[in-house]
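Observations on chain architecture
So the chains spell out like this:
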Amino acid sequence: MAKIIDGKAVSLEVKEALRDKCAEIAASGKRVPCIAVIIVGDNPASRSYVRGKLKAAEFTGFESRLAELPEDVREAELLHMIDGLNKDAGVDGILVQLPLPGHIDEDKVLDAILPEKDVDGFHPVNVANLWLGRPCTVPCTPKGIIKLIESTGLEIAGKKAVVAGRSNIVGKPVAKLLLDRNATVTIAHSRTPDLAALTREADILVAAVGRPGIITGEMIKPGSVVIDVGINRTADGKLTGDVDFASASEVAGFITPVPGGVGPMTIAMLMENTYDAWLAMQER
Ligand code: GUN
């Protein structure tokens with residue numbers, strides 16, 4: 001039976017450390033880290049994620065600003081708001097919750113955020129620097145996944161890692177982070193002919209496909225580390241991952257639950273990135 005990787009507990013440790021640092025900053029009379037979050041429209045999942053991010057900011061003692069824009073907001077208005085936040089010396093991090101409505105060019109919006117305030121790590125400068133192995137803001141979910149794997153005590157170097165999913169937000173960057181730690185990495189995706197043959201070889205399996213239960217126990221190497229990035233809603237409104245937990249936990253060595261695995265870590269990493277942006281701002 002697999003050991004559960006408790007994302008809630010690991011993320012709490014990260015947030016508590018940040019809360020302590022933030023308390024010291026406040027005590028010294030300095031401005032505390034500040035994150036600005038922009039949400040467009042009222043997608044219920046996006047609203048729920050944003051609530052989680054603001055709650056974490058409150059927990060750590062960071063300042064947060066929330067801008068809620070209507071679904072039909074003009075792209076120019078959103079870009080204008082980002083420009084204002086870029087110029088605002090009291091704001092360390094800017095996050096525009098994705099997805100955006102179809103009439104808004106997501107690339108244009110992400111490009112508009114100053115790379116040093118891009119706490120999501122989605123700006124092309126940060127993405128390029130990640131792939132070049134240069135200092136950059138590492139995207140939150142991939143960064144959190146690495147911390148969760150490390151929390152098992154398992155050495156990543158020399159392991160076979162399979163990443164199922166090739167999104168810009170998770171699949172591609174987590175593959176690079178695993179590569180940086182000397183794993184041998186395979187990226188699988190919806191056109192991979194025999195996914196199970198690959199996943200069965202994986203010492204580390206990251207499931208980020210977005211299809212409920214696509215990874216079953218028979219597809220898992222005994223004793224491996226299984227990280228479930230899926231956040232799927234069932235018909236009755238429950239959250240479920242890309243991994244069939246019941247069968248997978250019989251085979252894996254370590255496994256993340258959904259909810260309570262990757263999700264809380266993503267938010268903790270966002271707070272860490274905001275703190276790092278604050279720190280960089282102090283040094284400028
Ligand atoms: N939508 C889903 N995941 C994310 C994320 O990590 N950041 C932002 N900005 N939007 C998202």
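So, here is what we can say about the structure in this document. (Residues numbered from 1 in each chain as written. Predicted model: local features only at pLDDT ≥ 70, side-chain atom pairs only at ≥ 80, totals over all residues. Heavy atoms only, no water.)

Things to note about a nonpolar patch on the surface
Taken together, the side chains of Tyr49, Ile231 and Leu239 make up a nonpolar region of the molecular surface, amounting to roughly 230 Å² of accessible area. Here Ile231 lies in the loop between β8 (225-228) and β9 (232-233). (Patch = residues over 30% accessible without salt bridge, like charges linked within 9 Å, V, L, I, M, F, W, Y side chains within 5 Å. Areas by Shrake-Rupley, 256 points an atom, 1.4 Å probe, with all protein chains shown as cover. Salt bridge = Lys/Arg side-chain N within 4 Å of Asp/Glu carboxyl O. Helix = DSSP H or I, 4+ residues; strand = E, 2+ residues; numbered from the N terminus.)

A few points about the site of the ligand
Around the ligand, the neighbouring residues are Lys53, Leu95, Val96, Gln97, Leu98, Asp120 and Phe122. The contact in question runs from a nitrogen atom of the ligand to an N or O atom on the side chain of Gln97, over 3.3 Å. Residue Leu98 places a main-chain N or O atom 2.9 Å away from a nitrogen atom belonging to the ligand. For the shell around the ligand, the per-class residue count stands at four nonpolar, one polar and two charged. (Near = heavy atom within 4 Å. Polar contact = N/O pair within 3.5 Å; in protein donor to acceptor, adjacent residues only side chain to side chain. Nonpolar A, V, L, I, M, F, W, Y, C, P; charged D, E, K, R; others polar.)

Re the sheet that holds strand β7 (residues 204-207)
Here six strands make up an open sheet; going across it, the order is β1-β11-β8-β7-β5-β6 and the pairing parallel. Of all strands in the sheet, those bounded by a partner on one side alone are β1 (3-4) and β6 (184-188). Strand direction decides the pairing type here: β8 and strand β11 (residues 254-255), joined by two bridges, are parallel. The residue bridging Val226 from the neighbouring strand is Ile255, located in β11. Strands β7 and β8 of the sheet are contacted by helix α6 (residues 140-150), whose axis makes an angle of about 150° with β8. Sheet contacts for helix α7 (residues 171-180): β5 (160-164), β6 and β7; angle to β5, the most-contacted strand, approximately 170°. (Pairing = 2+ DSSP bridges. Contact = heavy atoms within 4.5 Å. Axes fitted to C-alpha atoms, helices over the stretch in contact; angles between N-to-C directions.)

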